[in-house]
There are 2 protein chains.
Amino acid sequence: MLADRGFGGLTLRAVAAEMGASTGLLTHYFPNKRALVAHALEVLDRRTAARPRPAAESTAPAGGLPMLRAVLLDVLPLDAAGAADNRIWVGSWGAALADDGLAGEHAGRYRRSRERMAELAAEAQRLGELPPGRAPEDVAAAAQSFVLGLVVQALFAPEEFPAERQIALLDGYLAGVAAG
Amino acid sequence: MLADRGFGGLTLRAVAAEMGASTGLLTHYFPNKRALVAHALEVLDRRTAARPRPAAESTAPAGGLPMLRAVLLDVLPLDAAGAADNRIWVGSWGAALADDGLAGEHAGRYRRSRERMAELAAEAQRLGELPPGRAPEDVAAAAQSFVLGLVVQALFAPEEFPAERQIALLDGYLAGVAAG
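Below or above, wherever it landed, is the structure these notes cover. (Residues numbered from 1 in each chain as written. Chains lettered and ligands numbered in written order. Predicted model: local features only at pLDDT ≥ 70, side-chain atom pairs only at ≥ 80, totals over all residues. Heavy atoms only, no water.)

All names here are of chain B. Following both chains from N to C, one finds helix 4 (residues 33-50) and helix 7 (residues 80-97) inclined at 140°, their axes separated by 11 Å at the closest point. By the angle between their axes, helix 4 is oblique relative to helix 7. Handedness of the crossing formed by helix 4 with helix 7: left-handed. Note on element contacts: helix 7 touches helix 4 through Asp-85, Ile-88, Trp-89 and Ser-92, opposite Leu-41, Leu-44, Asp-45, Arg-47 and Thr-48. Split by residue class, the contact of helix 4 with helix 7 holds four nonpolar, two polar and three charged. (Axes fitted to C-alpha atoms, helices over the stretch in contact; angles between N-to-C directions. Helix = DSSP H or I, 4+ residues; strand = E, 2+ residues; numbered from the N terminus. Parallel < 35°, antiparallel > 145°, perpendicular 65-115°, else oblique. Left-handed = near helix turned anticlockwise from the far one by under 90°. Contact = heavy atoms within 4.5 Å. Nonpolar A, V, L, I, M, F, W, Y, C, P; charged D, E, K, R; others polar.)

So, about the interface of chain A and chain B. With 43 residues of chain A in contact, the opposing surface of chain B contributes 42 residues. Carbon and sulfur atoms supply 64% of the area buried between chain A and chain B, which totals about 3,300 Å² over both sides. At the boundary of chain A and chain B, one finds six salt bridges. Across the pair Arg111(B) and Glu160(A) runs a salt bridge whose closest N-O atoms are separated by 3.0 Å. Connecting chain A to chain B are 18 residue pairs in polar contact (both at pLDDT 80 or more). Secondary-structure elements contributing two or more residues to the side of chain A that touches chain B are helix 1 (2-5), helix 7 (80-97), helix 8 (100-126), helix 9 (136-156) and helix 10 (163-179) of chain A. With 14 residues, the top contributor of residues to the side of chain A that touches chain B is helix 9 of chain A. When grouped by side-chain class, the residues that make up the side of chain A that touches chain B number 22 nonpolar, eleven polar and ten charged. (Buried area = accessible area lost by both parts, 1.4 Å probe. Salt bridge = Lys/Arg side-chain N within 4 Å of Asp/Glu carboxyl O. Polar contact = N/O pair within 3.5 Å; in protein donor to acceptor, adjacent residues only side chain to side chain.)

If you want it as structure tokens, here you go:
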């Protein structure tokens, strides 16, 4: 429902109707919309982590830079499922910016993601795949910026950003990072 | 109200109360929330274009790359006003993804922005500020991706992304683009 109707279209009543349950039953578990949204994002987070994605189907990448590339590719809306998930994430940002609790959960997710990418960037520097001298935390923050913004543009203009172009743009970005 | 409460907190009734007007008067001009939101985004668009921003206060940049940098800097939440505006933009994405009309307006805005950046990238290539051989449209799409994603991260983690760091990350990004 979040992917289709957005956060504005999500009501406890509509979710209960979709489940064939009473609103009372639903509110027994989720006292308000905020609790339901927070749970939905947690479920999505786990599902995203568990689901095999195109990037993961190929040979497992070795090294810091190939692994960093795989992590970044995994964020992008390269197929219909990735687009649906990203519509939920992008759609959740507005609600989160108006709710300190949700904002904190989002901030934590993105921080953990940056920390993981920073480890990969540091490994890439040790392996000589990326030039030394730049803080791995900055490499990670920059890379995460790039893919999050690419997600937004691809969602609004899918015909201008087919999967091949998203991948080419990411590879062009990483080439610039490697060139220092 | 959008910056403070988000799209979920915006109702015609609340806006009318804030104005000291009746809901009936407001609905005379804006029959529904969607019309009010579309108008608010148009006003914000014009206000953003007209307002002097920190990047514009320094000497007017010459050349394609310095101007591209100024345009990109202008997107970032480098001060409180820029953060408030960006909260509205980011907050509007979810509503827009669930509304074809709003989505089309957003897609048009970002397309026009990319077109302007592509002209600057082409000029930077002609002037030798950026290496030739890469499509200016790709340089523009990549640069816009970078700043939009940086906006999102800076809004969720403002203490980790003070203005100086945002600027340093953007300059690091542009150095990579210039290095090819």
